[in-house]
Amino acid sequence: MSTVNFGDELQDKDTEFTWEVKANDRAYHRQFKDKGFLCWRRQKYKNNAIHTAKYNIFSFLPLNLYEQFHRVSNLYFLLIIILQGIPEISTLPWFTLFAPLVCLLVIRATRDLVDDIGRHWSDKAINNRPCQILRGKSFLWKKWKHLCVGDVVCLSKDSIVPADLLLLASTEPSSLCYVETADIDGETNLKFRRALTVTHHELTSARKMASFKGMVICEEPNSRMHHFVGSLEWNNRKYPLDIGNLLLRGCKIRNTDTCYGLVIYAGFDTKIMKNCGKIHLKRTKLDLLMNKLVILVFMSLVVVSLVLMLGFNFMKKEFKVKHYYMSMLPQRSEAMESFLIFWGFLILLSVMVPMAMFIIAEFIYLGNSFFINWDLQMYHEPQDMPAKARSTSLNDQLGQVQYIFSDKTGTLTQNIMTFKKCCINGYIYDSDDEHGTLRKRNPYTWNQYADGKLHFYNRELEFIVRGQQDISVQEFWRVLAICHTVMVQEKDNQLQYQAASPDEEALVTAARNFGYVFLSRTQDTITLVELGEERVYQVLAMMDFNSVRKRMSVLVRNPEGSIRLYTKGADTVILERLHKKGAMEATTEEVLAAFAEQTLRTLCLAYKEVAEDAYKQWEPEHQEAALLLQNRAQALHQVYNKMEQNLQLLGATAIEDKLQEGVPETINCLKKGNIKIWVLTGDKPETAVNIGFACQLLSESMLILEDKDINPILETYWESSNKHKAPKLLAHQNMALVINGDFLDQLLVSLHKEHRALVQNVVVDEAPQESVQSRQISQMWRNFRSSMSPSPSAISKTRESPEVQRERAFVDLASKCQAVICCRVTPKQKALVVALMKKYQQVVTLAIGDGANDVNMIKTADIGVGLAGQEGMQAVQNSDYVLAQFCYLQRLLLVHGRWSYMRVCKFLRYFFYKTVASMMGQIWFSLYNGFTAQPLYEGWFLALFNLLYSTLPVLYIGLFEQDVTAQKSLRMPELYTAGQKEELFNYTIFLQAIFHGVITSLINFFMTALLSHNLSVSGSSSDYQSFGVLVAISGLLSITLEVILVIKYWTLLCVGSIILSLGSYVFMTSLTQSLWLYKLSPKTFPFLYADYNVLIQPSSLLVILLNVALNMVPALGLRMIYRALWKLRPKEEEEAPSEEVEVEPTVMHLRRGIPARRSSYAFSHREGYADLITQGTILHRPTGDFGDMTCDFPIPLEEELPSIGKESICNPRRMSVLTRKKHQHLRKGSSEDTHTNTTSSYPTMNRQDAIHSEN
């Protein structure tokens, strides 16, 4: 990973305002060209078609071959095939090796092609999605891929935005548009976008939109998801644009019937596609290790061949002296003879890297992929979704994962908020209906407004509510019904709530079912039905929620004329603003602690009565602060804070953000397997931390460091003299990091300066505690530094650039933490975090997510897992493995991953052993044949050894071997660490296999040579063929007995594979050494009855038995000794005391937050909705701007347009069955205002209908 990759988006070329978009003018954009490859010129403005596949019909063959020959083994085999084509040095026909190589390349190419076809299908499905594009004076249905920059698009409710659009107008008041961005940034709350006032008033018909010729001048396409700067030039005037005017590709339109937008960026120029990254060729650690081993073996063979060539030169001179007649034969020069002998030996020994090993490995990978696909334990019946291995080459790496990077929304959670419990006046009310038996018959039938969606029911609380005797209970539900920004819609005589966040909807729905029904709102009133009685409250002020205030308040005047302030917010801010703290408040704090332990999201509710004089004194201050042009937010915060004092606590709510099934158990199990889990989300820190506790990623005993705590650590990290000692001191600390996207910007792109508008929010009551916290942690690190001594390695590291040092320091700190949560991160930042760990830690990473915002992260990680969730299939189409639920990840890793890694490692180790054990005899034989490269074995034995005689047991190991069962693998996740530490196959294991093979070959060859010489003296035959057969049979039986010792999982299939392997040797040898084949071709089948002649002699059988015994007995003894020592090893480690535990008390006092209790406050909400309500922007208001639209809007053909509802989605002032009695209870002023707005809202409500009804 390089900081330059991320910095590219911050270069000046991206911030230059050179991107010009002219509305409704495709010809204007076609004239612009960008420089391409060589003299090629390409269109500057791309169309909206996307192509994420790696290959096309022309590039597949060359590009795939280029990728395949990045494997050193393929280059090695190609070299040997070329050498085999030279008759002077060839030992086998060239096509005998060429055919297997082509088979290997075809297998891998087919696998890559199948994966890429899936991407093509995904691209086609996306590009062919329908949308309405303005053509002429009407909107026609077209495909996404036909969309171009400058087109005007019409979108309806629940549509996905096809490109980055400038919002021109909508059917909502002030042309607001509500969007859900969970698929982009992971946030679950709705966001609003707003059109410019000029386009809202002017573009009121399709005809006017067709004549719209505005010019947008903005920044070049870039990946900054939350940043956009530009201007609209129209009618000789300029209007500023920002991100609040932009609808990003991938957003979903919510709570808005229809909206209209101008395409600014299309296709790969859109911000989400700029964040998606490219497809990388993923290679496993074992694959990379095999590349190095092939090079090592090849260099060794070159050295051995050179030595044997020198031996040939020496023997040749000595041979010529003894046999003078050899000089009479025609001869080549000594140099040519040496050259040919060298290459002859190289070809003869090339079987040390057998092609069969790589071909069998492909079938092993394929088989293990099928086992993943067929695993019923990972089949999710509700979705009818099995697990799927989309990549077949990464199975072994599933057993080596060290870091998991997970999305939150839709991956860990279901994004379903449920009202779980509440505490009122110190009493906890839990649900009496946990199993849903009461909900089947709806316990709220006494309430005509109950929607039956509330999963919470408490009989005692219902009795108290309906009794109307407890003031605290009444005010509790009144707070929930009044203090919010929810909008209401009527449909089929039913209320439908449209909330900016699922939290608010859950709270207002709970109040509704308990009889406190939010009925409607106007700009300055809110109407409730309280236990059947309609009450209208005059809204005097709305004090909006934001991440600094962590609370929302509404100041209202009730029908009796008294003024009350209703507040809800985080316990940390509500409790410190109470009038008094008595027994009830203390009890509520204990309840909040209990809720926090249950990982429920809590809000505290409070209220107070405000005297008329106090309000009259406060109201001018509020008006003055609201009219400020500078520092308005800070002034309003101070005014709000003044009112929100001396509150009376009512209680607390507890909402459950439902996790996916089995998430806590899965995370806990993976942590035991030494897998660290990072959560990367675009959501708020409070929400992410709460989910961290809910899924047991965080615990109460953890020291949680935030951005402000980490900066002092990083500043002092490189000042310390000994870098390696500092992390060691923290190795036993139970720490976690919680950081945000801004911190990552500073960490990763400190060289690339970007002009930012930074808003400093200062909270007086929180600043002292934070500064003390930072000073304490900084002092802790200074204490560590003072005890360190200089280190040469540390001095060398200081030569790195400051940016690299800072990145390395952060990675070292993060790697010591048990968990890391990154909040408010963009899709590109997610990928950069993954790349950062790969760069500095060289660890195996796995990324898992379910949305388009996770695609870049999935592509960057060594292994990408896509969840088949509700946010589309883009993550699935770009992933290596597909799961239906997060909980299946533990089985994928701990069972299939560990098995695959263990199987492949055993397969490789045994294959190298058996190859060396059999083929090293060729080298020993050269000592006896004058170094002439004469083969020891029958040619057919060499050809069929790896194909038949020893293949099936090896294939069984690669496909079916198990050291423990699946159940034990899940119960003992500690076994997984073997793969992380690369214990089962590494350079040491490889050398052990080579050494073992050499010893086996030495015993088989020299014991046979020694005994054959003695037997020949006694009269038994000891010819060349008999000797070769004895060595071959001894080797084959030795490696077969070795595989019997290696295999731990014995089945009938295992026994059958061994019997078939030995049986194939008997059958094929009888065939190739038969008389009729010898008669057909004596040179091809020279070993006539060689095996038969050897095996009928008892002395030969004794030689074979002795060789096998000498090979097996020491190996069996060493295995028993090793297992005995291995059993003693854990006890020794347990007895050894840790030297680092003593430092733990040093930082125990640095725990964040309130020492006695953790706040579980979390609330998904976006600031600004309260202003929209109080200003009347969000409400339907009378306006005369659209009076001509009934004659200006053409009607597109019926088959070209979707069915669009006639009702406005957000019009609380309309007369209906539910609200007719409202005016009888309004005071005169409110009544007049309401009547005026109700009767004049008709044109606005029908704006959408007019757009589609002109013709």
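No experiment lies behind these values; they were computed from the predicted model shown.

### So, the overall build of the chain
Per the secondary structure count, the chain includes 49 helices and 35 strands. Looking at the chain as a whole, 57% of its 1255 residues are labelled buried. For the chain, the proportion of contacts with a sequence separation of at least 24, taken over those separated by at least 6, is 77%. For the chain, the computed accessible surface area is about 54,400 Å², with 58% contributed by carbon and sulfur atoms.

### Considerations on helix α19 (residues 612–626)
With 15 residues, α19 should cover 21 Å at 1.5 Å per step; its first-to-last C-alpha distance of 21 Å lies within 8% of that length. Where α19 is concerned, the buried positions are Tyr-615, Trp-618, His-622 and Ala-625. Buried residues belonging to α19 abut β24 (533–543), β25 (551–557), β26 (563–569), β27 (601–610) and α20 (632–643).

### Side note on the packing of helix α21 (residues 663–672) against helix α32 (residues 889–919)
At a minimum axis separation of 9 Å, α21 and α32 run at an interaxial angle of 30°. The orientation of α21 with respect to α32, classified from their angle, is roughly parallel. Note on packing geometry: the crossing formed by α21 with α32 is left-handed. Residues Thr-666, Cys-669 and Leu-670 of α21 lie in contact with α32, whose contacting residues are Leu-889, Gln-890, Leu-893 and Leu-894. Residue composition of the contact of α21 with α32, grouped by class: five nonpolar, two polar and no charged.

### Examining the pattern of salt bridges
What the rule picks out here adds up to 45 salt bridges. For Asp-25, the salt bridge goes to Lys-22, with nearest N and O atoms at 3.8 Å. Its salt-bridge partner being Arg-108, residue Glu-362 comes within 2.7 Å of it at the nearest N-O pair. Highlighted residues: Glu-362 in helix α13 (residues 355–373) and Arg-108 in helix α6 (residues 95–127), separated in sequence by 254 residues. By relative accessible area, which is 6% here, Glu-362 ends up buried. Each of the salt bridges in this network shares a partner with another, and the network as a whole consists of Glu-475, Arg-478, Glu-530, Arg-535, Glu-560, Arg-564 and Glu-609.

### What about the packing of aromatic side chains?
Applying the stated criterion across every chain yields a total of 46 aromatic pairs. Between Phe-907 and Phe-911, the aromatic rings sit 5.5 Å apart at their centres with planes inclined by 65°, giving edge-to-face as the arrangement. Residue Phe-907 and its partner Phe-911 are both found in helix α32; the two are separated by four residues, about one turn of the helix. Take Phe-907: its relative accessible area is 1%, and that puts it in the buried class. Its guanidinium or amino end placed over the ring of Phe-911, Lys-914 lies 4.0 Å from that ring's centre, counting from NZ or CZ.

### Here's the deal with the sheet that holds strand β31 (residues 735–740)
Spatially, nine strands are ordered β16-β35-β34-β33-β17-β29-β32-β31-β30 in an open sheet, and the strand pairing comes out mixed. Of all the strands in the sheet, the pair left with one neighbour each is β16 (388–389) and β30 (703–706). Inspection of the sheet shows strand β29 (residues 676–680) paired to strand β32 (residues 819–823) by four bridges, in the parallel sense. Within β32, the position partnered with Val-679 by the bridge is Ile-821. Contacts from helix α29 (residues 827–841) reach β17 (403–406), β29 and β33 (845–849) within the one sheet, and its direction differs from that of β29 by about 155°.

### Remarks on the sheet that holds strand β22 (residues 516–521)
The strand order β19-β18-β28-β27-β26-β25-β24-β23-β22 describes an open sheet built from nine strands, whose pairing is antiparallel. The open sheet terminates on both sides in strands that have one partner only, identified here as β19 (427–429) and β22. Taking each pair of neighbouring strands and ignoring which way they run, the sheet shows an average axis angle of 30°. In the sheet, β25 pairs with β26 via seven bridges, with the strands oriented antiparallel.

### Considering the UniProt feature "transmembrane region" (unreviewed entry) in the chain
Here the UniProt feature "transmembrane region" (unreviewed entry) sits at residues 69–86, 293–315, 335–361, 939–959, 984–1007, 1027–1047, 1054–1078 and 1098–1122. Helix makes up 72% of residues 69–86 and strand 0%. Its end C-alpha atoms lie 23 Å apart. For the annotated span residues 939–959, helix accounts for 95% and strand for 0% of the residues, and the straight-line distance between the end C-alpha atoms is 30 Å.

### Quick look at a nonpolar patch on the surface
A surface patch of nonpolar side chains, about 470 Å² in accessible area, is lined by Trp-94, Phe-95, Phe-98, Val-102 and Val-106. Within the secondary structure, Phe-95 sits in helix α6.

### So, the environment of Ala-335
If you trace the backbone, Ala-335 turns up in helix α12 (residues 334–348). Counting along the chain gives 22 residues from Ala-335 to Asn-313, while the straight-line C-alpha distance between them is 9.5 Å.

### Things to note about helix α18 (residues 583–597)
One turn of an α-helix holds 3.6 residues; hence residues three or four places apart share an orientation. If you check α18, its first and last C-alpha atoms are 21 Å apart, about what 15 residues at 1.5 Å a residue would give, namely 21 Å. All of the buried residues along α18 are Met-584, Glu-585, Thr-588, Val-591, Leu-592, Ala-593, Phe-595 and Ala-596. Packed against the buried residues of α18 are β18 (413–424), β19, α17 (571–574), β27 and β28 (648–659). Looking one or two places after α18, you find Thr-599, whose phi comes out positive at around 55°.

### Remarks on the packing of α32 against helix α35 (residues 951–960)
Two measures define how a pair of helices packs: the angle their axes make with one another and the distance between the axes. Viewed as axis vectors pointing N to C, α32 and α35 meet at an angle of 160°, and their least axial separation amounts to 7 Å. Classified by the angle between their axes, α32 and α35 sit roughly antiparallel to one another. Viewed along their axes, α32 and α35 form a crossing whose handedness is right-handed. Along the contact surface, α32 presents Arg-903, Lys-906, Phe-907, Tyr-910, Phe-911 and Lys-914, while α35 presents Val-954, Ile-957, Gly-958, Leu-959 and Phe-960. Of the residues contributing to the contact of α32 with α35, the split by class is seven nonpolar, one polar and three charged.

### Considering the side chain of Arg-108
When its relative accessible area of 3% is taken as the criterion, Arg-108 is described as buried. A distance of 2.7 Å separates the side chain of Arg-108 from the side chain of Glu-362, its partner in a polar contact. When neighbours within four sequence positions are excluded, Arg-108 is seen to be in contact with Gln-68, Arg-71, Asn-74, Phe-358 and Glu-362.

### What to know about empty space enclosed by the protein
Inspection of every chain in the model, using the stated rule, returns twelve cavities of 30 Å³ or more. Its volume calculated, the largest cavity comes out at about 440 Å³. Taken together, the elements giving at least two residues each to the lining of the largest cavity come down to α4 (60–68) and α6. Broken down by element, the lining of the largest cavity gets its largest block of residues, five residues, from α6. Each residue belonging to the lining of the largest cavity can be placed in one class, and the counts come to four nonpolar, seven polar and 13 charged. Of the volumes computed, that of the second largest cavity is approximately 260 Å³. Lining the second largest cavity we find 22 residues, and of these Arg-71, Arg-108, Asp-287, Met-290 and Tyr-365 sit closest to its centre. Going through the elements one at a time, α6, α11 (285–322), α13 and α32 are the ones with two or more residues in the lining of the second largest cavity. Taken together, the residues of the lining of the second largest cavity sort by class into eleven nonpolar, four polar and seven charged.

### Notes on the nonpolar core
In terms of nonpolar packing, the biggest core is built from 93 residues, with Met-290, Met-357, Phe-358, Phe-907, Tyr-949 and Phe-985 touching the most fellow members. Ranked by the residues each element gives to this core, the list is headed by α32, at twelve residues. Not counting the four nearest positions on each side in its chain, Met-357 is found in contact with Met-290, Phe-907, Leu-908, Phe-911 and Phe-912. Among the nonpolar cores identified, the runner-up in size contains 84 residues, and Met-417, Tyr-457, Val-488 and Val-554 belong to it.

### With respect to the pairing of β33
With five of its five residues buried, β33 lies for the most part within the structure. Where burial is concerned, the two faces of β33 agree: the one with Thr-845, Ala-847 and Gly-849 and the one with Leu-846 and Ile-848 are both buried. The pairing of β17 with β33 spans four bridges and is parallel. Its bridge partner being in β33, Tyr-403 is matched across the sheet by Thr-845. Strand direction decides the pairing type here: β33 and strand β34 (residues 863–867), joined by four bridges, are parallel. Following the sheet pairing, Ile-848 is matched in β34 by Val-865. What joins β33 to β34 is helix α30 (residues 855–860), and the crossover it makes is right-handed.

### Examining the confidence of the model for the chain
Looking at the chain as a whole, the pLDDT averages 80, with 80% of positions reaching at least 70. Within the model, the stretch residues 1–13 combines pLDDT values under 50 with 32 contacts to residues more than four positions away or in other chains. Counting interchain partners and residues more than four positions distant, the pLDDT-below-50 stretch residues 1181–1255 has 167 contacts.

### Quick notes on the pairing of β18
Relative to β28, β18 runs antiparallel, the two sharing eight bridges. Within β28, the position partnered with Phe-419 by the bridge is Ile-655. Hairpin connection of β18 to β19: two residues between the antiparallel strands, including Asn-425 at a positive phi of 55°.

About the criteria used
- Residues numbered from 1 in each chain as written.
- Predicted model: local features only at pLDDT ≥ 70, side-chain atom pairs only at ≥ 80, totals over all residues.
- Heavy atoms only, no water.
- Helix = DSSP H or I, 4+ residues; strand = E, 2+ residues; numbered from the N terminus.
- Buried < 20%, exposed > 50% of the residue type's maximum accessible area, 1.4 Å probe, protein only.
- Contact = heavy atoms within 4.5 Å.
- Areas by Shrake-Rupley, 256 points an atom, 1.4 Å probe, with all protein chains shown as cover.
- Expected span 1.5 Å × (residues − 1).
- Axes fitted to C-alpha atoms, helices over the stretch in contact; angles between N-to-C directions.
- Parallel < 35°, antiparallel > 145°, perpendicular 65-115°, else oblique.
- Left-handed = near helix turned anticlockwise from the far one by under 90°.
- Nonpolar A, V, L, I, M, F, W, Y, C, P; charged D, E, K, R; others polar.
- Salt bridge = Lys/Arg side-chain N within 4 Å of Asp/Glu carboxyl O.
- Phe/Tyr/Trp six-rings, centres within 6.5 Å; stacked < 30°, edge-to-face > 60°.
- Lys NZ or Arg CZ within 6 Å of the ring centre and 35° of its normal.
- Pairing = 2+ DSSP bridges.
- UniProt positions renumbered as here; feature names shortened; annotations may be inferred.
- Patch = residues over 30% accessible without salt bridge, like charges linked within 9 Å, V, L, I, M, F, W, Y side chains within 5 Å.
- Polar contact = N/O pair within 3.5 Å; in protein donor to acceptor, adjacent residues only side chain to side chain.
- 1 Å grid on protein atoms, 1.4 Å probe; cavity = no way out; pocket = protein on both sides within 12 Å on 5 of 7 lines; lining within 4 Å.
- Points joined across faces, edges and corners; volume = space filled by probe spheres on them.
- Core = buried A, V, L, I, M, F, W, Y, C linked by side-chain atoms within 4.5 Å.
- Right-handed = clockwise from strand over helix to strand, strands pointing away.
- pLDDT = per-residue confidence, 0-100.

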